[in-house]
Amino acid sequence: MAAAYDSNNIFAKILRGEIPCKKVHETAHSLAFHDINPLSPVHVLVIPKGPYVGFDDFSAKASNDEIADYVKAIGDAARKVGVDADGYRLLSNCGANANQEVPHLHVHIFGGRVLGRMLK
Ligand code: 5GP
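Residues numbered from 1 in each chain as written. Predicted model: local features only at pLDDT ≥ 70, side-chain atom pairs only at ≥ 80, totals over all residues.

With an unreviewed UniProt entry as reference, the protein chain is termed Histidine triad nucleotide-binding protein, source organism Ferrovibrio terrae.

So this is what it looks like as structure tokens:
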């Protein structure tokens, strides 16, 4: 079971406009922005706007509208930053064993170069 949501996490602050981000794409339920410490030429994070720690509580509690919006936002963000032609990697660290640093669900989009077998 996912931990309780901490509304002081850094992505919650980005959503509230308390700290800036380099926005890529925004929808009713999702936001995509560039990672502050990119690990590949293109490194974008896509987050739901709702208070979800990781995939576990998102998949259990989010509405179908939020889930559909989020999945579409990931694909749309990838196209916006131009990684769709050559390919890209999606990754989401969820929970302690995955070393999730920010406790708000996020999917990483890595692209812009040939990627090794593992990233992050
Ligand atoms: P995780 O390890 O939780 O999967 O990844 C968290 C990601 O959030 C890291 O890649 C890290 O660089 C990124 N990150 C942490 N703080 C900020 C921030 O303030 N702004 C942005 N844009 N990215 C951040």
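Engineer: Sorry, what's going on with the UniProt feature "active site" (unreviewed entry) in the protein chain here?
Structural biologist: According to UniProt, the "active site" (unreviewed entry) feature falls on His106. Tracing the sequence through the fold places His106 in the loop between strand E4 (88-91) and strand E5 (107-111). Classification of His106 by C-beta neighbours within 10 Å gives buried; the count is 24. For His106, the contacting residues outside a window of four places in its chain are Phe11, Leu45, Val46, Ile47 and Ser92. (UniProt positions renumbered as here; feature names shortened; annotations may be inferred. Helix = DSSP H or I, 4+ residues; strand = E, 2+ residues; numbered from the N terminus. Buried ≥ 20, exposed ≤ 12 C-beta atoms within 10 Å, placed from the backbone. Contact = placed C-beta atoms within 7 Å.)

Engineer: Would you take a moment to explain helix H3 (residues 64-80) for this structure?
Structural biologist: Structural remark: α-helix, 3.6 residues per turn; residues separated by three or four positions point the same way. Across its 17 residues, H3 extends 24 Å between first and last C-alpha, which sits within 8% of the 24 Å expected from 1.5 Å per residue. Of the surrounding secondary structure, the elements contacted by the buried residues of H3 are strand E1 (23-26), strand E2 (30-34), strand E3 (42-48), E4 and E5. Downstream of H3 by one or two residues, Gly82 has phi in the positive range, about 80 degrees. (Expected span 1.5 Å × (residues − 1).)

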